[in-house]
Amino acid sequence: MDPNLLFWKSEGQSFFSRFKIWVNILDPTSLLSSDATIKRAHGLLGGGQKLDDWDEKTVTLSLSSVHADSGDVLPLMLRPVAFLSTSAPLVIASFLPHTNVKYALLWQFFLQSYQTRFTLANRNSSSEKSKKLSSRQLLLSAGTVCYATCAGSLPQIMIYNLGVSSEVIKAVLRTMLPIPLSAAVAFISVYTVRSEESQTGIKVFDSNGNLVGLSKAAGQKAVKETALSRAALFGTTAAVPSLLITLLWRTRVIQKSSVLIAPLRYMSVAIGFGLMIPVSFSLFPQLGTIKKENVEKNLQKAACDGLLYYHRGL
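How each quantity is defined
- Residues numbered from 1 in each chain as written.
- Predicted model: local features only at pLDDT ≥ 70, side-chain atom pairs only at ≥ 80, totals over all residues.
- Heavy atoms only, no water.
- UniProt positions renumbered as here; feature names shortened; annotations may be inferred.
- Axes fitted to C-alpha atoms, helices over the stretch in contact; angles between N-to-C directions.
- Helix = DSSP H or I, 4+ residues; strand = E, 2+ residues; numbered from the N terminus.
- Parallel < 35°, antiparallel > 145°, perpendicular 65-115°, else oblique.
- Contact = heavy atoms within 4.5 Å.
- Nonpolar A, V, L, I, M, F, W, Y, C, P; charged D, E, K, R; others polar.
- Core = buried A, V, L, I, M, F, W, Y, C linked by side-chain atoms within 4.5 Å.
- Buried < 20%, exposed > 50% of the residue type's maximum accessible area, 1.4 Å probe, protein only.
- Disulfide = S-S within 2.5 Å.
- Phe/Tyr/Trp six-rings, centres within 6.5 Å; stacked < 30°, edge-to-face > 60°.
- Lys NZ or Arg CZ within 6 Å of the ring centre and 35° of its normal.

As annotated in an unreviewed UniProt entry, the protein chain is Sideroflexin-4 isoform X1 from Gymnodraco acuticeps. Per its UniProt entry, the protein chain bears the Subcellular location (unreviewed entry) comment "Mitochondrion membrane".

Structure, rendered in structure tokens:
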């Protein structure tokens, strides 16, 4: 078992411990480290030292930059630590009240393309023999980007293509519809892009870290958990500005200076998105567990304590 997963097994089994770890991992200064430094840090963790002897900075650098299945250094912009700085401008732009459907589609395309690439880079690749993406994965990814781009732009498409003139209906389409829509699009995108894990299975380990085999049931559970966490991230991000503006609208300051609504809305999107990233990453353990009765029969005997372990991915 990769040292990154061993750390998660030891330290990341409660939500609050995972949240604390992710806050440390998402420190942007780790982006300044070279690939050689990152590989050296990961190598030190796998050198046979006890967990108590591991240096915190070395652990953080390894967790933030190395894929737990392949042991390879992740591309700079696809590391978890780069998720906020890359996604936040795209998320904010996608929530703008565009005057043209083309601009809405363009920004959604950029956002969904990055989200799909991030999902692929941080998936569970333990069962894959080649580091190259399969033709099926490429087709699913391209289809997901196209679908998510159109679905994410649905409010703008409805307003302009249907000729909606009512300000009330426009407000509902721009503020209320994006909440369930963003969550649904995020969930379906992750579920589709990582569907191969459910069909081929992912590696599962016993309590001692020994490889047991491949489990489709564990793959389905890992994909579902990741899809739910991504849905929580984008659904909450869409809900925060609507809730905030509703509360602030009752204040005299906003009523007198309605021009403040737009900047407050987009600031709340950025802040809400930034705060929800470590929360969503922490909702489920990185080293997930599955009960032996829920895995394939040929793997059940290896679950000495009734559980098998798997890498969830992001």
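On we go.
Attention shifts here to the packing of helix 7 (residues 135–152) against helix 8 (residues 154–161). At a closest axis distance of 5 Å, the pairing of helix 7 and helix 8 adopts a crossing angle of 55°. When the axis of helix 7 is compared with that of helix 8, the two are oblique. Counted together, Cys150, Ala151 and Gly152 of helix 7 and Leu154, Pro155 and Ile157 of helix 8 form the full contact between these two elements. In terms of residue class, the contact of helix 7 with helix 8 is built from 5 nonpolar, 1 polar and no charged.

This next bit is on the nonpolar core. Phe83, Phe273 and Phe281 are the most contacted members of the largest nonpolar core, which has 32 residues in total. Residue assignment for this core shows that the elements contributing at least two residues are helix 1 (3–11), helix 2 (15–25), helix 4 (56–65), helix 5 (83–94), helix 6 (101–121), helix 12 (216–248) and helix 14 (261–282). Residues in contact with phenylalanine 83, not counting those within four places in the same chain, are Ala88, Tyr114, Gln115, Phe118, Leu233, Phe273, Ile277 and Phe281. Formed by 11 residues, the second largest nonpolar core is a distinct cluster that contains Ala218, Ile290, Ala303 and Tyr310.

Moving on, we come to the UniProt feature "transmembrane region" (unreviewed entry) in the protein chain. Here, the residues flagged by UniProt with the feature "transmembrane region" (unreviewed entry) are residues 138–159, 171–193, 231–249 and 264–284. Within residues 138–159, the helical portion is 95% and the strand portion 0%, while the C-alpha atoms at the span's ends are 32 Å from each other. The distance separating the terminal C-alpha atoms of residues 171–193 is 32 Å; by composition the span is 96% helix and 0% strand.

One pass over the full model with this rule turns up 0 disulfides. No disulfide involves cysteine 146; its nearest neighbouring cysteine sulfur is the one of cysteine 150, lying 7.0 Å away. Take cysteine 150: its relative accessible area is 45%, and that puts it in the partly exposed class.

With that settled, the discussion passes to the packing of aromatic side chains. Applying the stated criterion to the full structure yields 14 aromatic pairs. Measuring from ring centre to ring centre gives 5.6 Å for tryptophan 8 and tryptophan 22, while their planes differ by 35°; the resulting arrangement is tilted. Of this pair, tryptophan 8 sits in helix 1 while tryptophan 22 is found in helix 2, placing the two residues 14 residues apart along the sequence. With respect to burial, tryptophan 8 and tryptophan 22 carry one shared label: buried. Where phenylalanine 83 meets tyrosine 114, the ring centres are 6.2 Å apart and the plane angle is 35°; that geometry is what we call tilted. Here tyrosine 114 lies in helix 6 and phenylalanine 83 lies in helix 5, a separation of 31 residues in the sequence. Phenylalanine 83 sits in the buried class, given a relative accessible area of 0%. For tyrosine 114, a relative accessible area of 9% puts it in the buried group. These aromatic residues form a ring-pair network of at least three members: Phe7, Trp8, Trp22, Phe83, Tyr114, Phe118, Phe234, Phe273 and Phe281. Positioned above the aromatic ring of tyrosine 309 is the side chain of lysine 9, whose terminal nitrogen or guanidinium carbon lies 5.1 Å from the ring centre.

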